[in-house]
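# Fold and contact review
So you can see what is in the structure, the chains are spelled out below.
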Amino acid sequence: MSADQRSPAPDHRALFSYLTADAADDYIAIMRLFAGTLLADLSAEEVGSQLSERGVVMDPDTVESRCRQLVDWGNLVRSVRETRVPTVAAYHRSRSRYQVSKLGGRLHREAEEIFRAVDGAREVARELLARTVDSLDQILLQVGHVNRPIDVETLAGAVTGVFNDHQMFHESVTDFYAYLSGVLTRYDLGGEEYTQFKGLLLDYVDLIGADVNRNAPEILERLRILLQLIDRVLDHLPAVPAIAGEAFTIERLPGRTLSDWEQLAAWYGASDNRSGPDQLRAAARQALGQLITNARRMLTATGTGLSRRADLLKLAAWFHSADSETAHRLYDAAFGCYPSRHLLFGPDEPDTATGPGTSWWESAPVSVPVSLRERGDRTARGRSSRVPDPGAEAQRLLALAHQRDEARRAAASELLAAGPLHRSRLSRAARDLLLEKLSAVFALVSTAATPIEQRDTDLGLVLRATPAKGDATIVTSDDGTITVHDVQLVAVPLASAGRRLAAAG
């Protein structure tokens, strides 16, 4: 895990406490005094005196308490300077002296920048990309030739310039796109404000994209060459003498380690991860897409392209000046928050006797149309569906009927081929046709003493059932066996059955 991904130490979190404490104004005034000069070494009495000159009045005991609290948080440290005073009383007043700590001073400088910042867009330092290319060229000029002497100070200045320029460009472009995101999420953006923002987005984002597309490949090309010579660069960077010892921990400038250069190259696209230029292009596309979405919303939602921000501000002013009873009435009228009532929808109402005075708990539920529930009206939306062509459906049904007829004829042929059905083996289709014909035969065979015939002129099939006490007809198929007791079943063609009937006549 890299250093910027680790959670801050608990004592570092305490450094931020003075910005949100109950007496934050007092703490900020004291920190502003200490961080405004180099090596400020002040007692509580001196702090109170200098604050009075700046218009901030605090009694000495309060100043002493505030300074001690800042020491506990780590923003100030106690001074070890020897105190020379003429009297014992002066010694007691000045024995506690304070200085700003390293992290406390850095944090307060960052906080002052936040205090001075404005809510508008921050200008992007586009020119730093070209200067980064020049600085990398200077570094390659110094370390590119093995036999050429290296100017250590020039090399160190170029390395520091590369990382400082990149950090400033990265911070400015991050702030700019954060501002874009904040404006684009505003639902009240419209009118002249929308026009100005559209010009800023279309023109300025295009400039940023052009500079990135032109300079980022050149920076990446030089960084790849420089990574092959990185040992020569790092070996010739000057080091503070105390770095060699173990008594102190020194925070080195960026660019003094291999990981710094690898991370810089990765930002410009040297790794497989998403590079910084790719993120800028994606952010620009997202911003343009959101701009188009806002334009569509203004044109379709209101029909006029105007913002409702002025109306909402006017409504807020009415609320601000209204008393409690008037505010409740105004809220009901503005947002439709009246007491619950049972509304009638006309003939669709299940019980027309139910009126507005009927409680929802006692009335039957009403099915609310989707258009009324989601859009507040009953207007039909969308185009009417086309009437389907019945020809294709008729052809499909006709083909399906032919297919079923062919299957029945095949089953009938199988029954005719079997003739006497006792101990015959039939397919499932022939078995199903047999069961269909048996349903009509069984109604008569139980009461008749003569053979019964079930004729099907379409299939040319006659199923003859002859009562036979003690006999049975057993038919098998793939999924079971059918046993018909006291009946002999025979399938004969319709033509032969007709000839036999005529001969008998």
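Residues numbered from 1 in each chain as written. Predicted model: local features only at pLDDT ≥ 70, side-chain atom pairs only at ≥ 80, totals over all residues. Heavy atoms only, no water.

## Notes on helix H8 (residues 127-143)
- In this model, H8 (17 residues) spans 25 Å end to end at C-alpha, consistent with the 24 Å of a helix rising 1.5 Å per residue.
- What H8 keeps buried is the set Leu128, Leu129, Thr132, Val133, Ser135, Leu136, Ile139, Leu140, Gln142 and Val143. (Helix = DSSP H or I, 4+ residues; strand = E, 2+ residues; numbered from the N terminus. Expected span 1.5 Å × (residues − 1). Buried < 20%, exposed > 50% of the residue type's maximum accessible area, 1.4 Å probe, protein only.)

## Quick word on the nonpolar core
- Ile139, Trp261 and Tyr268 are the most contacted members of the largest nonpolar core, which totals 47 residues.
- When residues of this core are traced back to their parent elements, those giving at least two are H8, helix H9 (152-184), helix H10 (191-228), helix H11 (230-235), helix H12 (258-267) and helix H13 (276-302).
- Once residues within four sequence positions are removed from consideration, Tyr268 is found in contact with Leu129, His166, Ala216, Ile219, Leu220, Leu223, Ser275 and Pro277.
- Counting 24 residues, the second largest nonpolar core, distinct from the first, contains Ala23, Ile30, Ala44 and Leu70. (Core = buried A, V, L, I, M, F, W, Y, C linked by side-chain atoms within 4.5 Å. Contact = heavy atoms within 4.5 Å.)

## Topic: the confidence of the model for the chain
- On average, residues of the chain score 78 in pLDDT, and 76% of them are at 70 or above.
- Across the chain, the element-wise mean pLDDT spans from 55 in helix H6 (residues 88-94) up to 90 in strand E4 (residues 424-425).
- Of the regions scoring below 50 in pLDDT, residues 1-5 engages in two contacts with residues more than four places distant in sequence or in other chains.
- For residues 501-505, every residue scores under 50 in pLDDT, and the model assigns this stretch one contact once sequence neighbours within four places are set aside. (pLDDT = per-residue confidence, 0-100.)

## What to know about the pairing of strand E5 (residues 452-456)
- Pairing of E5 with strand E6 (residues 461-477) involves five bridges; the strand directions are antiparallel. If you follow Gln454 over to E6, its bridge partner there is Leu463.
- As consecutive antiparallel partners, E5 and E6 are separated by four residues, and within that stretch Gly460 has a phi angle of approximately 65 degrees, a positive value. (Pairing = 2+ DSSP bridges.)

## Quick word on the pairing of E6
- Examined bridge by bridge, E4 and E6 share two bridges and lie parallel to one another. Note on E6: the bridge partner recorded for Ser424 is Val475.
- By the bridge criterion, 13 bridges tie E6 to strand E7 (residues 480-493) in an arrangement that is antiparallel. Counterpart to Arg464 in the pairing with E7 is Val490.

## Topic: unusual backbone geometry
- Look at Arg423: it is not a glycine, yet its phi comes out positive at around 65 degrees.
- Tracing the backbone shows Arg423 in the loop between helix H17 (390-418) and E4.
- Judged by its relative accessible area of 67%, Arg423 falls in the exposed class.
- Of note, Asp486 is a non-glycine position whose phi angle comes to about 60 degrees, a positive value.
- Mapped onto the secondary structure, Asp486 falls in strand E7.

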